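Given next are the chains, with one letter for each unit.
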Amino acid sequence: MKLTAETLIKSDRETVWRLSQTPLLHARWDLRFTDIEYLPRESAAEPQRFRYATRIGFGLAVKGWGETIGDPERSTSALRFGSTDAKSIIREGTGSWTYSEQAGTVRFSTVYDYTIRHGWFGRVLDLLFRPLMIWATRWSFDRLRIWIEDGVQPETSFRLWLLKVVARCALALSWIYEGLIPKILIQRANELALVQQAGLYWRTPGRTLAALGLTEIAFGLWLLLGRFEKLAAILSTIGIVSLATLVTSLHPAVLADPLGGISKNLGLLACGLIVWGLSDLSPLASRAKPRQRHETGDGVRSPFAEALREDLHLAAPLVRAHLTPELGVCTFQGTMKSVWRIEGLRRWLSAPFLWVGSWMHTLFPETGDGIPFQVVNLFFIGTDGIARMTFERRFHFPGVDRRFEATMRYDEKADVILDALGHRRHLLVELVPTIEDGAITLRSRRQWLTPFGLPIRIRLPRFLAGEAAIEEWQESETSLGIRVTISNRLFGAFFGYEGAFERTDGVADNVQRVVPASTVDRHLSGAARVGLVLAAVIGTAAYGASFGVGSISNWARVWGTRVALAAGLSWPMFGLALLLARRAGSAWEWFDTCLRTMALGIALLSFASVVNLAVATTASRRGSTAFVAVHLALLLVADVSMAVYFTRKALRLGMPLSIAVILWVGVLNGTFALLLVLP
């Protein structure tokens, strides 16, 4: 089995070549080497010989030799390497590095293999050594990508990775211990009593407690494996807060336990937030995929070419060109002959779906004839190495513009095109393409809700799903026709449009647009800024007011009001200090960062308002220890979450970590604490 790795880096080929071919720079990011030294050579035509060393601990190092030669265009580099050191099981090997630049992205890949020494003993060792080398290669490739794209130095990213792994393992072992010891092996009377008191058990409290323990063990093993670690960290935080809230509401005395209760949960929450916050800034081997085979000269095939294969040549020339464009951006312009909706009672019944679609940028309630529209197609390679096509249609109705947004990729397992619909990718739809008489027809199949683009799929039942039929054909020598019909089992065909469009430009020269920025890095619109400011003010006021719901003690009302006022006044101070301390980036970029950070905090504090509303409907006392502990925990979770989010964005905008921490801890939290204690 050959060793392969491949990653996509948003950069130019010169930068990737320099960081991987300069010995001192190469040794900084490649985990497989500690020192690399180039040896003198008489001419550039000769292979570049070098010596390398890899420290393995306990003062020991494995030394070896190598020689490399690269082509003048810096697109490939061939390699021979080996070692005469008896401590190395590698005798000799060969490999190559490939640098393929495509639309502002460099596909950096490697493939290599080696022969071993020490006979059968070496072959047994290689069963462990080879997977370790594959992991180290891919991990190192991702460390190089983070260095180039995010500016995080390799030494720093290693420390962040180590911190993340320690936090993840501590969190995982805590879940495993909690599931194995007190819930399965040694079931304690107080935990059995808690389950029985809650009334949420199946057959017996003991069996329910054991089932909960098995679930916690499985969750801990998931954390140890490190797969989808951000999602695991989020679920861990939710689980800790939920269990702590349930336990303390039933038995507040557990908070007095010096080795458990709030002291333990705060540590676990901190571990979860560390894993979530550092996941993108620390290397991950799974992000660097095995080297892929590419079937076309430019190294990529469109989703339609993958799905249709040999049927693609049956499409009309303009249809085929539209489905298999070059990497980049293409624009089209045309007129919708008709945009229609069903009449009668079903028109009003389907209206809510259309209004929700207008918010998601998929459907809309407006109709009309002769509606001008534009189409922007973007064909790019995502950071995961998958080719995608985005379709954005803008409809210019009198007085309002409406948009349709979709991002398509080929799903090899299901042999369909997966269409992520909407600006935030809330809906995922399977599309099956067919070619008939030169025209392509796309029909929808299974559909899932994917809230905010998260890797969570909620299958939609057929009676709720909208069934789409998209037809595209060649209308003339220069134009394409399109017809879209949306139907439902309850409403029938309730919405659609038909028109024609033609291409207005070639592939865009600005290749940086080919890999779009994350939505969290885009500038906010004026309306979005106003909306987030209002959300922050209203959310903070609602948090303070929630302490006045129902019967409440005076101290709790005063405390809630103080927290809300302190939060509302400390943010302007923080924003002013931030603008004075910034060294790079525009004022609007930092303003947007503050707004997004506040939105995250308000979203988390909304749980505190829900807690107050829930307590108001129960017999629980507002002055109880559990009530105070839950609110303190939620405030801490909100503060740490916002701190991690703000720090990551500040680093991307060029602010030193020390300045970001001082601003957050000293200015924001310091002002908040001062306002909280002032009379």
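Residues numbered from 1 in each chain as written. Predicted model: local features only at pLDDT ≥ 70, side-chain atom pairs only at ≥ 80, totals over all residues. Heavy atoms only, no water.

A short note on the overall build of the chain
For clarity, the threshold we go by: Each helix corresponds to a stretch of at least 4 residues labelled H or I by DSSP, and each strand to a stretch of at least 2 residues labelled E; elements are numbered beginning at the N terminus. Burial here depends on accessible area, computed with a 1.4 Å probe over protein chains only, as a share of the maximum for the residue type. Under 20% is buried, over 50% is exposed, and the range in between is partly exposed. By definition, residues are in contact when any of their heavy atoms lie within 4.5 Å. Using a 1.4 Å probe, the Shrake-Rupley method yields the accessible areas, and only the shown protein chains count as cover for residues.
Scanning the chain for helices and strands turns up 16 helices and 18 strands. Relative to its 679 residues, the chain shows a buried fraction of 47%. Taking all contacts inside the chain whose residues are at least 6 apart in sequence as the whole, residues at least 24 apart take part in 62%. Carbon and sulfur atoms form 63% of the exposed surface of the chain, whose accessible area is close to 34,000 Å².

Re unusual backbone geometry
Peptide bonds are trans in most cases, and residues, glycine excluded, mostly fall at negative phi. Its identity as a non-glycine residue notwithstanding, Phe228 has a phi of 50°, on the positive side. If you trace the backbone, Phe228 turns up in the loop between helix H6 (205-225) and helix H7 (229-250). Taking the relative accessible area as the measure of exposure, Phe228 reaches 57% and is therefore exposed. Although it is not a glycine, His361 sits at a positive phi angle of roughly 65°. Mapped onto the elements, His361 comes out in the loop between helix H11 (345-360) and strand S9 (368-381).

Some points on the pairing of strand S11 (residues 400-411)
Regular strands place side chains that alternate from one sheet face to the opposite one. Put simply, the rule is: If DSSP finds at least two bridges between two strands, the strands pair.
Bridge analysis of strand S10 (residues 387-397) against S11 gives nine bridges, and the strand direction is antiparallel. Each residue of the ladder has a partner; that of Arg393, found in S11, is Phe404. Between S10 and S11, which follow one another and run antiparallel, lie two residues, and Gly399 among them has a positive phi close to 90°. With six bridges connecting them, S11 and strand S12 (residues 416-421) associate as antiparallel partners. Of the residues in S12, the one forming a bridge with Tyr410 is Ile417.

Let's talk about the packing of helix H1 (residues 13-21) against helix H3 (residues 119-150)
Using the following cut-off: Axis angles are defined between N-to-C directions and span 0 to 180 degrees, where every axis is a line fitted to C-alpha atoms and, for a helix, only to the segment in contact. Angle categories are assigned with fixed cut-offs, so that under 35 degrees is roughly parallel, over 145 is roughly antiparallel, 65 to 115 is roughly perpendicular, and the rest are oblique. Definitions for this section: a left-handed crossing has its near helix turned counterclockwise from the far helix by less than a right angle. A right-handed crossing has that turn clockwise.
Running from N to C, H1 and H3 point in directions that differ by 130°, and their axes come no closer than 11 Å. It follows that H1 is oblique to H3 by the angle criterion. Like other packed secondary-structure pairs, H1 and H3 cross with a definite hand, here right-handed. The residues of H3 that touch H1, namely those facing Thr15, Val16 and Leu19, are Leu144, Trp147 and Ile148.

Regarding the packing of aromatic side chains
Counted only if it meets this: Ring pairs shown here join Phe, Tyr and Trp side chains whose ring centres sit within 6.5 Å, with only the six-membered ring taken for Trp; geometry is labelled stacked below 30 degrees between planes, edge-to-face above 60, and tilted in between. A ring is scored as having a charge over it whenever the NZ atom of a lysine or the CZ atom of an arginine sits within 6 Å of its centre and within 35 degrees of its normal.
Under the criterion given, the structure shown has 37 aromatic pairs. Measuring from centroid to centroid gives 6.1 Å for Tyr114 and Phe129, while their planes differ by 70°, and the two rings are edge-to-face. Here Phe129 lies in helix H3 and Tyr114 lies in strand S7 (residues 105-116), a separation of 15 residues in the sequence. Classification of Phe129 as partly exposed rests on a relative accessible area of 25%. Counting every residue linked through ring pairs, the aromatic cluster contains Phe332, Phe364, Phe373, Phe395, Phe397, Phe495, Tyr497 and Phe501. Over the ring of Tyr114 we find Arg130, and its NZ or CZ is 4.4 Å from the ring centre.

Regarding the sheet that holds strand S3 (residues 48-57)
Here we have seven strands laid out as an open sheet, ordered S1-S7-S6-S5-S4-S3-S2, and antiparallel in their pairing. In the strand order of this sheet, the two ends are held by strand S1 (3-9) and strand S2 (35-38), each with one partner. Strand-to-strand twist of the sheet, defined as the mean angle between neighbouring strand axes without regard to direction, takes the value 20°. As defined by bridge partners, strand S5 (residues 76-82) adjoins strand S6 (residues 90-102) across seven bridges and the pair is classed as antiparallel. Across the sheet, Leu79 pairs through a bridge with Gly95, a residue of S6. Those strands touched by H1 are S1, S2, strand S4 (60-70), S5, S6 and S7, and its axis lies near 160° from that of S6. Along the sheet, H3 makes contact with S1, S6 and S7, crossing S1 at roughly 5°.

Some details on the confidence of the model for the chain
Cut-off, in case you're wondering: Per-residue confidence from the predictor is reported as pLDDT, a score between 0 and 100.
For the chain, the average pLDDT comes to 81, and 84% of its residues sit at 70 or higher. Note on residues 293-298: pLDDT is under 50 here. Beyond four places in sequence and across chains, it has six contacts. Predicted confidence for residues 507-521 stays below pLDDT 50, and this span has 32 contacts to residues more than four positions away or in other chains.

With respect to the nonpolar core
For soluble globular proteins, the rule of thumb is that nonpolar side chains tend to be buried together. Put simply, the rule reads: By nonpolar core is meant a set of buried Ala, Val, Leu, Ile, Met, Phe, Trp, Tyr and Cys residues that side-chain atoms within 4.5 Å join together.
Phe304, Met336, Val339, Phe395, Ile440, Phe495 and Tyr497 are the most contacted members of the largest nonpolar core, which has 56 residues in total. Among residues more than four places away in sequence, those in contact with Phe495 are Val339, Trp340, Arg341, Leu354, Leu363, Phe364, Glu366, Val484, Thr485 and Ile486. Listed in part, the 19 residues of the second largest apolar core include Trp590, Ala643, Ala650 and Ala660.

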